[in-house]
Amino acid sequence: MLCTSFFLSVLVLFWGPVHAGPLTDPHPDITDQELFWGSDQYDFSVVLRAAGMECFWHFAHRGERFYLNYMVQWVTGVGHDRHLSVTVNAPGGLLVSTVDDAKGQINFEAKETGFYQMCFSNFHNRFGTMQVFLSFGVYYSAHQDPAKSKEEEKKKKEEVSKDLNNTLSIIEDATHKVENYVFHMFRHYNFGRMTKSADFFLLMSNSQYVTWWSAALSLLIVTSGYLQLLFLKRLFTTSSGGEDEKPRC
């Protein structure tokens, strides 16, 4: 009897943690469509090392508009090549778009649902780093949840058939249109801010370039003048030796 109870206690001790493990699904009642659906945008800067590459992933549903704006702000090193190679890959691995320039805009409609990969390669600069400003996100024109789109369409058809001048539906549609316009306004504002920051860094770089070259040329002029005076002084030398020796040039 004691052996049986001991065996049961050991079994419960080892069986319990198996069923009380980590929660693999933190939102069991929420689908992926509801969890990731919606317009969003991200703005930040990233520094790419010499000949380095950075990749980012962003989720998008089929039918959404995926956009990416980028601009090189400053470059260090010897070549100062501002070109940046950018590629966007679909969740299935297919290449969606590619750009090789100092700034660019990518905008396309997502053909499949999943995480889209954005890679930024600085292979043009083998000995210099660069800072890149990024602005990317997704948006969509329709505001309905895709899981309830069919029900909403049926309701809209019924509402239109009953009353064409439904004030609430008109206000709702106008509100979502305004939200969409505001979203695009912030997109263009972020691109303008990106351009302004790039111009600022370019101005600072040119100012430092002019300052250092001016100092180097000033030092070169002073040094060359001193060397010329020293050389001319040595051309005219006098000797205080014997009586037969005369000043020579």
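Coordinates for the structure precede this section.
A few points on the structure. (Residues numbered from 1 in each chain as written. Predicted model: local features only at pLDDT ≥ 70, side-chain atom pairs only at ≥ 80, totals over all residues. Heavy atoms only, no water.)

1. Points about the side chain of Ser 135
Relative to the helices and strands, Ser 135 is located in strand E8 (residues 130-139). A polar contact is formed between the side chain of Ser 135 and the side chain of Asp 43, at a distance of 2.6 Å. Sequence-distant contacts of Ser 135, defined by excluding residues within four places in its chain, comprise Tyr 42, Asp 43, Tyr 67, Leu 68, Asn 69, Asn 190 and Met 194. (Helix = DSSP H or I, 4+ residues; strand = E, 2+ residues; numbered from the N terminus. Polar contact = N/O pair within 3.5 Å; in protein donor to acceptor, adjacent residues only side chain to side chain. Contact = heavy atoms within 4.5 Å.)

2. A closer look at the sheet that holds strand E1 (residues 40-48)
The sheet built from four strands is open, its strands ordered E1-E8-E3-E6 with antiparallel pairing. Among the strands making up the open sheet, the edge pair consists of E1 and strand E6 (103-109). Ignoring strand direction, the axes of neighbouring strands in this sheet form an average angle of 15°. With seven bridges joining them, strand E3 (residues 65-75) and E6 adopt antiparallel strand pairing. Opposite Arg 65, over in E6, you have Glu 109 as the bridge partner. (Pairing = 2+ DSSP bridges. Axes fitted to C-alpha atoms, helices over the stretch in contact; angles between N-to-C directions.)

3. Regarding the pairing of strand E4 (residues 84-89)
Counted residue by residue, E4 has five buried out of six residues, so it is predominantly covered. Pairing between E4 and strand E5 (residues 95-101): six bridges, direction antiparallel. Looking across to E5, one finds that Thr 87 is bridged to Thr 98. Linkage of E4 to E5, two consecutive antiparallel strands, is achieved through a turn of five residues, within which Gly 93 is found at a positive phi near 100°. Pairing geometry for E4 and strand E7 (residues 114-121), over five bridges, is antiparallel. Its bridge partner being in E7, Val 88 is matched across the sheet by Met 118. (Buried < 20%, exposed > 50% of the residue type's maximum accessible area, 1.4 Å probe, protein only.)

4. A short note on the state of the cysteines
Tallied over the full model, the rule gives one disulfide. Each sulfur in the disulfide pair Cys 55 and Cys 119 lies 2.2 Å from the other. Measuring handedness by torsion sign, the sulfur bridge of Cys 55 and Cys 119 sits at about 110° and is right-handed. One end of the pair, Cys 55, is in strand E2 (residues 53-60); the other, Cys 119, is in strand E7, with 64 residues separating them in the sequence. Given a relative accessible area of 22%, Cys 55 falls into the partly exposed group. Take Cys 119: its relative accessible area is 7%, and that puts it in the buried class. (Disulfide = S-S within 2.5 Å.)

5. With respect to the sheet that holds E5
The four strands are arranged E2-E7-E4-E5 in an open sheet whose pairing can be described as antiparallel. Of all the strands in the sheet, the pair left with one neighbour each is E2 and E5. Sheet twist, expressed as the average angle between the axes of neighbouring strands with direction ignored, equals 15°. One ladder, built from eight bridges, connects E2 with E7; its direction is antiparallel. Residue pairing across strands places Glu 54 opposite Phe 120, the latter belonging to E7.

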